[in-house]
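Notes for the structure review
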Amino acid sequence: MAQQTQSYGAKDMTVLEGLEPVRKRPGMYIGSTGPSGLHHLVWEVVDNSVDEAMAGFCTRIEVTILPDGGCRVADDGRGIPTDLHPVHKISGVEIALTKLHGGGKFGGDGYKVSGGLHGVGVSVVNALSSRLVVEVDRAGKHHVMEFAKGGVPQGKLIVTGEAPRGRTGTTVTFWPDETVFETVEFSARTILERFQMMAFLNKGLEIRFADQRPGHATAEPVVYRYAGGIVDFVKHVNASKEPLFSRVGYLEQVEEDQEVEVAFQWNTGYQTDGLHSFANGINTVEGGSHEEGFKAALTTVVNKYARAKNLLKEKDPNFQGEDIREGLTGIISVRLRDPQFEGQTKAKLGNTSMKTLVQKATNEKLNDWLEEHPTEANKVVKKALAAAQARQAARKARDVIRNKTLLDGAGMPDKLKDCSAKDRAERELFIVEGDSAGGSAVDARDPRTQAILPIRGKILNVERARIDRMLKNLEIQALISAIGAGVGEEFDVDKRRYDKVIAMCDADVDGSHIRTLLLTFFFRQMKPLVEAGCVYIAQPPLYSTEVGREKVYLKDDAARARFLAERPGHRKDFSRLKGLGEMDSDELHVTTMDPGHRTLLQVTVEQAALADEVMSILMGDDVESRKQFIVTNAGDVRFLDI
Ligand code: 0RA
């Protein structure tokens, strides 16, 4: 965006109202008073500094968590206006910190663009802090103003001395109010993840982070600064993959009050969800108009190019969008005035002007890019050709599965030990890893209501494998037939043969891996089943010990700790149950399968989608990172490590 040259002062800020509403209903302003709301305070302050950066006045933001748990955000922007407002007779700083929406960005001209989702103003942070200090370097002077709990001023804005030579900027230090928040402990990891994202989206902006809390202290502050912006973002996401070519494509279009930039690179993988979009720095996880515009133009341009170069023959049908997007890692970042966020999680961009802008920009500039980079363009088209062939093969494979089901009557797989109940509400399918565990599960089950499908350890990772190969996999075919409701786009949740589909895997690393693969499969290919709340994870106990002659099972470390606290004299060893196979069928029945005693974990789409997004954006989906991730989290079976 073009740098703004007019000078703003306190007069430009619109004054709305005091802070009482924020104290009364914090959730309205920051979402919640849990950890997410606590971190909103940090985002809010930092977003103001980022707005300064977007307006062209700030190059560096330093965030420090202080030894006493406070948070300091310092920037080198213009500084909040210090002059007195002509009507209200209080300083701009006081307005910004004590009045709701008392910032230039809501007055119209101050900034062209701003977040909009958490653009609630620093006054909200003040209202929800037990203490806040703001310092402003401006016009050669160092200014300070302090506030007590709830944002109550402890005096006026005062000049305490000279500003360091030539320096301007704002420093806000705040201590979250422990009577408002469930916890006031910041998570360095959460903060770092977001700062890295912000640094990617604001080319050249330096964001530094230091954690000075005892026990957290890192020797060096973490510094994020990406000269390449979203081009570096794409390189980062693709670093763990195998790029199809080394160049990262880039296009942008800047208009009067809106702009778009796109960076893209294909890798040799098969995923079709490598496209991530942002509006004013906010991750639009649900997509929206900007994504629609890009996808539409990408499909048109690549088809046109492939026809023009005779790579797509006259008799061939056009590529579908998904053929072209296979293996694509793309970042779309748009900035606009008044972003409209819609959808279930308010993470879908609604402004239709963005579809037009992004589509037009991509239509014009992507074609130039392809013409200028024929080697890369050729590889993109070849990959789309392969994807289109795979898509047709997948359709055939689906037809074969469907026909098989029709021809074999019920068409149930040999390995399935079905249950006899007719009422679907009673029917449960246990998917059990390994033939031996499958054997004990058959003995442990209630044959009326519980069906068992054993699967071998190595099913394909559906995200990495092509759908046609996945559908040829016998284990997957057995699973699809057993559930009986089809697969992929044709999946019809109403036809499911069970009301609960339960993944029962070992509590070790391999078990965790298989559970991951199964959940990924359900998430990708039978999402309505997850949405209907029909997918569960069984939780076999982690430990057993003896009390007298009786064997006692303990679900996890916490249960073991509770057990020991209640029986300090307990001397017997705890054995760690490594596999389901170690339990006999009685044990398996009591601990894991009997509806009266077991604990099942229901898988939600939100958990699955979130885990999926975090995985795919921040670490890419390479096998090594996944493995490492699974190993790190294997102890916690409740973590959905998709
Ligand atoms: C209102 C108007 C101007 C700047 C700011 C607010 C501002 C707020 C914050 C909060 C943290 N860092 C900040 N930096 C700037 C415009 C000031 C001008 O035109 O000189």
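Notes on the structure follow.

Thresholds, definitions, all that
Residues numbered from 1 in each chain as written. Predicted model: local features only at pLDDT ≥ 70, side-chain atom pairs only at ≥ 80, totals over all residues. Heavy atoms only, no water. Helix = DSSP H or I, 4+ residues; strand = E, 2+ residues; numbered from the N terminus. Contact = heavy atoms within 4.5 Å. Areas by Shrake-Rupley, 256 points an atom, 1.4 Å probe, with all protein chains shown as cover. Salt bridge = Lys/Arg side-chain N within 4 Å of Asp/Glu carboxyl O. Buried < 20%, exposed > 50% of the residue type's maximum accessible area, 1.4 Å probe, protein only. Polar contact = N/O pair within 3.5 Å; in protein donor to acceptor, adjacent residues only side chain to side chain. Pairing = 2+ DSSP bridges. Axes fitted to C-alpha atoms, helices over the stretch in contact; angles between N-to-C directions.

**What to know about the overall build of the protein**
Check the secondary structure of the protein and you find 20 helices and 24 strands. Of the contacts formed within the protein by residues at least 6 apart in sequence, a portion of 71% connects residues at least 24 apart. Surface exposure of the protein reaches about 28,700 Å², of which carbon and sulfur atoms provide 50%.

**Focus on the pattern of salt bridges**
Two side chains that carry opposite charge are able to pair once their charged atoms sit near each other. This model, assessed by the stated rule, comprises 30 salt bridges. A salt bridge links Asp 418 to Arg 427, with the nearest nitrogen and oxygen atoms 3.3 Å apart. Exposure remark for Arg 427: the relative accessible area of 8% places this residue in the buried category. Among the salt bridges present, the one from Arg 456 reaches Glu 475, with a minimum N-O distance of 3.8 Å.

**A few points about the side chain of Thr 299**
Checked against the element boundaries, Thr 299 lands in helix H8 (residues 289-308). For Thr 299, a relative accessible area of 19% gives the class buried. Here Lys 295 takes part through its backbone oxygen, which lies 2.9 Å from a polar atom of the side chain of Thr 299. Excluding anything up to four places from it in sequence, Thr 299 contacts Phe 319, Gln 320, Gly 321 and Ile 324.

**Section: the sheet that holds strand E17 (residues 428-433)**
Ordered in space as E18-E17-E19-E20-E24, the 5 strands form an open sheet in which the pairing is mixed. Of all the strands in the sheet, just strand E18 (450-455) and strand E24 (600-602) have a single pairing partner and so form its edges. Between one strand and the next, the sheet's axes are offset by a mean angle of 25°, whatever the strand orientation. Packed onto the sheet, helix H12 (residues 435-444) meets E17, E18 and strand E19 (500-504) and runs at close to 170° relative to E18. Across the face of the sheet, helix H18 (residues 585-593) comes into contact with E17, E18, E19 and strand E20 (535-538) while running at roughly 120° to E19.

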